[in-house]
Amino acid sequence: MEKKIIVAIDGHSSCGKSTMAKALAQKVGYIYVDTGAMYRAVTLFALRNDMFDAEGQPKAEELEKAMADVNISFVLDEETKLPLVCLNGEVVESEIRSLTVSSRVSPIAALPFVRAALTQAQQRMGLEKGIVMDGRDIGTVVFPDAELKVFVTASAEVRAQRRYLELTAKGDEVCFDDILRNVQERDYIDSHREVAPLRQAEDALLLDNSELTREEQMQWLLDTFKRVVECQ
Ligand code: DC
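The structure contained in this document is the topic of the report that follows. (Residues numbered from 1 in each chain as written. Predicted model: local features only at pLDDT ≥ 70, side-chain atom pairs only at ≥ 80, totals over all residues. Heavy atoms only, no water.)

1. As for the nonpolar core
The biggest cluster of nonpolar side chains holds 37 residues, and the ones touching the most others in it are Val 42, Leu 63, Ile 72, Ile 108 and Val 114. Secondary structure elements with two or more residues in this core: β1 (6-11), α2 (35-48), α3 (60-66), β4 (83-87), α4 (99-109), α5 (112-125), β6 (131-135) and α6 (138-142). Of the residues forming this core, the biggest block, 8 residues, is contributed by α2. Apart from the residues within four sequence positions on either side, Leu 63 is in contact with Val 42, Phe 45, Ala 46, Met 51, Ile 108, Leu 111, Phe 113 and Val 114. (Core = buried A, V, L, I, M, F, W, Y, C linked by side-chain atoms within 4.5 Å. Buried < 20%, exposed > 50% of the residue type's maximum accessible area, 1.4 Å probe, protein only. Helix = DSSP H or I, 4+ residues; strand = E, 2+ residues; numbered from the N terminus. Contact = heavy atoms within 4.5 Å.)

2. Details of α4
Listing the buried residues of α4 in full gives Val 101, Ser 102, Val 105, Ser 106, Pro 107, Ile 108 and Ala 109. On its buried face, α4 is in contact with α2, α3, α5, α7 (156-169) and α8 (176-192).

3. A closer look at helix α1 (residues 17-28)
Here α1 spans 17 Å end to end across 12 residues, near enough to the 16 Å set by a 1.5 Å rise per residue. The complete set of buried residues in α1 reads Lys 17, Met 20, Ala 21, Leu 24 and Ala 25. Down the axis of α1, the smallest arc covering the buried residues is 135°, so these residues share one side. Here the buried face of α1 lies against β1, β2 (31-34), β6, β7 (148-153), β8 (205-208) and α9 (214-230). At the exit of α1 stands Gly 29, carrying a positive phi of roughly 75°. (Expected span 1.5 Å × (residues − 1). Arc of directions from axis to C-beta.)

4. Quick look at the sheet that holds β8
Ordered in space as β2-β6-β1-β7-β8, the 5 strands form an open sheet in which the pairing is parallel. A strand with exactly one partner marks an edge of an open sheet, and here the two such strands are β2 and β8. Shown here is a sheet whose adjacent strand axes are inclined to one another by a mean of 20°, direction ignored. With 4 bridges connecting them, β7 and β8 associate as parallel partners. Looking at the pairing, Val 150 lines up with Leu 205 of β8. (Pairing = 2+ DSSP bridges. Axes fitted to C-alpha atoms, helices over the stretch in contact; angles between N-to-C directions.)

5. Examining the environment of Cys 231
Mapping Cys 231 onto the fold places it in the segment after α9. What makes Cys 231 exposed here is its relative accessible area of 64%. Along the sequence, Cys 231 and Thr 35 sit 196 residues apart, while their C-alpha atoms lie 27 Å from each other.

6. Observations regarding the site of the ligand
Inspection of the region around the ligand gives 15 residues, with Arg 40, Arg 115, Asp 137, Arg 186 and Arg 193 positioned closest. The contact in question runs from a nitrogen atom of the ligand to an N or O atom on the side chain of Thr 35, over 3.0 Å. Side-chain polar atom of Ser 106 to an oxygen atom of the ligand: 3.1 Å apart, as the coordinates give it. With the chains in place, 98% of the 450 Å² that the ligand exposes on its own is no longer accessible. Those elements that place two or more of their residues in the shell around the ligand are α2, α4 and α8. (Near = heavy atom within 4 Å. Polar contact = N/O pair within 3.5 Å; in protein donor to acceptor, adjacent residues only side chain to side chain. Areas by Shrake-Rupley, 256 points an atom, 1.4 Å probe, with all protein chains shown as cover.)

7. Let's talk about the packing of aromatic side chains
Here the structure, examined in full by the defined rule, presents 2 aromatic pairs. With centroids separated by 5.4 Å and ring planes inclined at 80°, the aromatic side chains of Tyr 30 and Phe 225 adopt a geometry described as edge-to-face. Within this pair, whereas Tyr 30 is found in the loop between α1 and β2, its partner Phe 225 is found in helix α9, the two being separated by 195 residues in sequence. Under the relative-accessibility criterion, Phe 225 is labelled buried at 4%. Judged by centre distance (6.2 Å) and plane angle (80°), the rings of Tyr 164 and Phe 176 are edge-to-face. Residue Tyr 164 is found in helix α7, and its partner Phe 176 is found in helix α8; the two are separated by 12 residues along the sequence. The class for Tyr 164 is partly exposed, based on a relative accessible area of 25%. (Phe/Tyr/Trp six-rings, centres within 6.5 Å; stacked < 30°, edge-to-face > 60°.)

8. Side note on the sheet that holds β4
Here we have 3 strands laid out as an open sheet, ordered β3-β4-β5, and antiparallel in their pairing. Because the sheet does not close on itself, it has two edges, and the strands there are β3 (72-76) and β5 (90-91). Across 5 bridges, the pairing between β3 and β4 is antiparallel. Across the sheet, residue Ser 73 finds its bridge partner in β4, namely Cys 86.

9. What to know about the packing of α2 against α5
Where α2 contacts α5, the two axes come as close as 11 Å, and the packing angle between them is 140°. As far as their axial angle goes, α5 and α2 are oblique. Like other packed secondary-structure pairs, α2 and α5 cross with a definite hand, here right-handed. Between α2 and α5, the residues in contact are Thr 35, Met 38, Tyr 39 and Val 42 and Val 114, Arg 115, Leu 118, Thr 119, Ala 121, Gln 122 and Met 125, respectively. Considering only residue class, the contact of α2 with α5 consists of 7 nonpolar, 3 polar and 1 charged. (Parallel < 35°, antiparallel > 145°, perpendicular 65-115°, else oblique. Left-handed = near helix turned anticlockwise from the far one by under 90°. Nonpolar A, V, L, I, M, F, W, Y, C, P; charged D, E, K, R; others polar.)

Shown next as structure tokens:
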């Protein structure tokens, strides 16, 4: 039987990582894990429990004490067979995509105790391999030995435009400049935080998809996946 591998897909926010990771997992029958959704679910917990101060900074001590009560899990959507993220048993897929959560998630993801808890949970999910995981530190911290690592990027303007279209298609009233600012702020915080900053692993393949169609990048990913599996 073909040997299963771990596919780590990291990169900047809103560059289509999740879409390509999901599509790859579906095509090759692997489990897909969206680690950004896990950081977003912790952020939703903090928002619901009044754990941000007036400046929008997380109340770290309170959150650290409450972390034992934060259970992040996934259930499979019957129709799509894709995992939906749950916060303490409640499916929160749609709540975690709001601009409120997006604008608060980076400082939450910079907290060492949050990263430690989620990294451990992610490593447990990969024990059996056969997994496609997307995030920021999957190839560098969570699975430094992943057989296939891809680092995805695109210009901030292209990414903001994609996020804008996604949100307006859902009926959200949003302003392009706010989204662009949010994308740039998250890039900065994600790559400058002390713990597990966003960076390309030395052995990761770089994919700049600013000028690629979804089909083109999917074909590239699938070809690359097949090549790596054949070498195992
Ligand atoms: O991929 P996303 O936009 O849903 O991620 C949300 C936030 O979580 C983003 O600001 C970066 C952070 N994140 C992280 O620090 N590490 C990960 N493995 C995944 C996401």
